[in-house]
Amino acid sequence: MQFSPGTAEMLETLMRWRRDVRHFRTDPVPAPVLARLQQAMELAPSVGNSRPWRVLLVESPALRAAVRAEFVRCNAQAAGIYEGEQAAAYARLKLAGLDNAPVQLAVFTDLTPQAGHGLGRQTMPETLEQSTAMAIHTLWLTARAENLGMGMVSILEPAAMEALFAAAPCWRFSAYLCLGWPEFTDDTPLLHRADWQKNTAMPWQIR
Ligand SMILES: Cc1cc2nc3c(=O)[nH]c(=O)nc-3n(C[C@H](O)[C@H](O)[C@H](O)COP(=O)(O)O)c2cc1C
């Protein structure tokens, strides 16, 4: 397979406009689109081809409400590390799209997957969770290519999420994902727009 010269430019545009989305319209995502997203995740790399991500499509209103409550609890706790004007700025940030996102996924990592027979992860067991992160990023870019938006929510207590979803003991909570049609698109991170921080370049260092 040889890609045409415009492909890299298109990919750069896609990545520039990916963004973490927290403002969603409530209209549903058609099943065929969701199926394509699911298939795209299968294309992600993983250590020893172990494919350790376990994805729950959360439709239950009770579970969604419990996740929202857990987010509110953890976010209030997180706010406690800031003082003064920074505390006020933190309180103004929107850090999850849990109220409106029509599609919500609870993502876990199986820490003892059969697939791959342990290949590649004996010295770095964290590569399993890294693999899940790569699958999430694959999903993120694919969603954007479908004109959807996605937002990651990590302001949650892993043990509480594992209990909430009655996860198997070998499942580690990785992230909660909100997906849907964005209310608006942007090529600049929301935290940057909100003046919380400036984007910093991370140049490669030579050794
Ligand atoms: C592992 C991970 C966890 C994140 N958790 C949250 C979160 O809990 N709430 C939130 O608003 N954004 C979360 N984000 C999104 C980041 O804030 C966002 O990626 C960052 O500000 C850069 O913005 P951009 O994604 O639009 O480039 C998370 C992103 C990653 C990669």
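A brief structural summary. (Residues numbered from 1 in each chain as written. Predicted model: local features only at pLDDT ≥ 70, side-chain atom pairs only at ≥ 80, totals over all residues. Heavy atoms only, no water.)

### Section: the nonpolar core
Move 1: Residues Leu98, Val153, Leu156, Phe165 and Tyr176 are the most contacted members of the largest nonpolar core, which totals 21 residues.
Move 2: Of all the secondary-structure elements, those providing two or more residues to this core are helix H3 (61-79), strand S2 (103-110) and strand S4 (171-180).
Move 3: Counting 20 residues, the second-largest nonpolar core is a separate cluster that includes Val29, Ala135, Ala175 and Leu179. (Core = buried A, V, L, I, M, F, W, Y, C linked by side-chain atoms within 4.5 Å. Buried < 20%, exposed > 50% of the residue type's maximum accessible area, 1.4 Å probe, protein only. Helix = DSSP H or I, 4+ residues; strand = E, 2+ residues; numbered from the N terminus.)

### Looking at the site of the ligand
Move 1: Every residue lining the ligand is accounted for by Arg18, Arg19, Asp20, Arg22, Leu95, Met152, Val153, Ser154, Ile155, Pro189 and Leu191.
Move 2: At 2.6 Å, a side-chain N or O of Arg19 approaches an oxygen atom of the ligand.
Move 3: Starting from 610 Å² of accessible surface for the ligand in isolation, the protein chains cover 70%.
Move 4: Among the residues making up the shell around the ligand, the classes are represented as 6 nonpolar, 1 polar and 4 charged. (Near = heavy atom within 4 Å. Polar contact = N/O pair within 3.5 Å; in protein donor to acceptor, adjacent residues only side chain to side chain. Areas by Shrake-Rupley, 256 points an atom, 1.4 Å probe, with all protein chains shown as cover. Nonpolar A, V, L, I, M, F, W, Y, C, P; charged D, E, K, R; others polar.)

### Points about helix H5 (residues 127-145)
Move 1: Helix length check: H5, at 19 residues, gives a terminal C-alpha distance of 27 Å against a target of 27 Å (1.5 Å per residue), a fit within 8%.
Move 2: Turning to H5, its buried residues are Thr127, Leu128, Ser131, Thr132, Ala135, Ile136, Leu139, Trp140, Leu141, Ala143 and Arg144.
Move 3: Phi for Asn147, located one or two positions after H5, is positive at around 65 degrees. (Expected span 1.5 Å × (residues − 1).)

### A short note on the sheet that holds S2
Move 1: Taken together, 4 strands build an open sheet; the order of strands is S1-S2-S4-S3 and the sheet is antiparallel. A strand with exactly one partner marks an edge of an open sheet, and here the two such strands are strand S1 (53-57) and strand S3 (149-153). In this sheet, adjacent strand axes meet at a mean angle of 25 degrees when their direction is disregarded.
Move 2: As judged from the 5 bridges shared by S1 and S2, these two strands associate in the antiparallel manner. Paired with Leu57 across the two strands is Leu105, which belongs to S2. (Pairing = 2+ DSSP bridges. Axes fitted to C-alpha atoms, helices over the stretch in contact; angles between N-to-C directions.)

### Observations regarding the packing of helix H2 (residues 31-41) against H5
Move 1: Running from N to C, H2 and H5 cross one another at 140 degrees; their axes reach a closest spacing of 8 Å. Along this stretch, H2 crosses H5, giving a crossing that reads as right-handed. Between H2 and H5, the residues in contact are Leu37, Ala40 and Met41 and Ala135, Ile136, Thr138, Leu139, Thr142 and Ala143, respectively.
Move 2: Taken together, the residues of the contact of H2 with H5 sort by class into 7 nonpolar, 2 polar and no charged. (Left-handed = near helix turned anticlockwise from the far one by under 90°. Contact = heavy atoms within 4.5 Å.)

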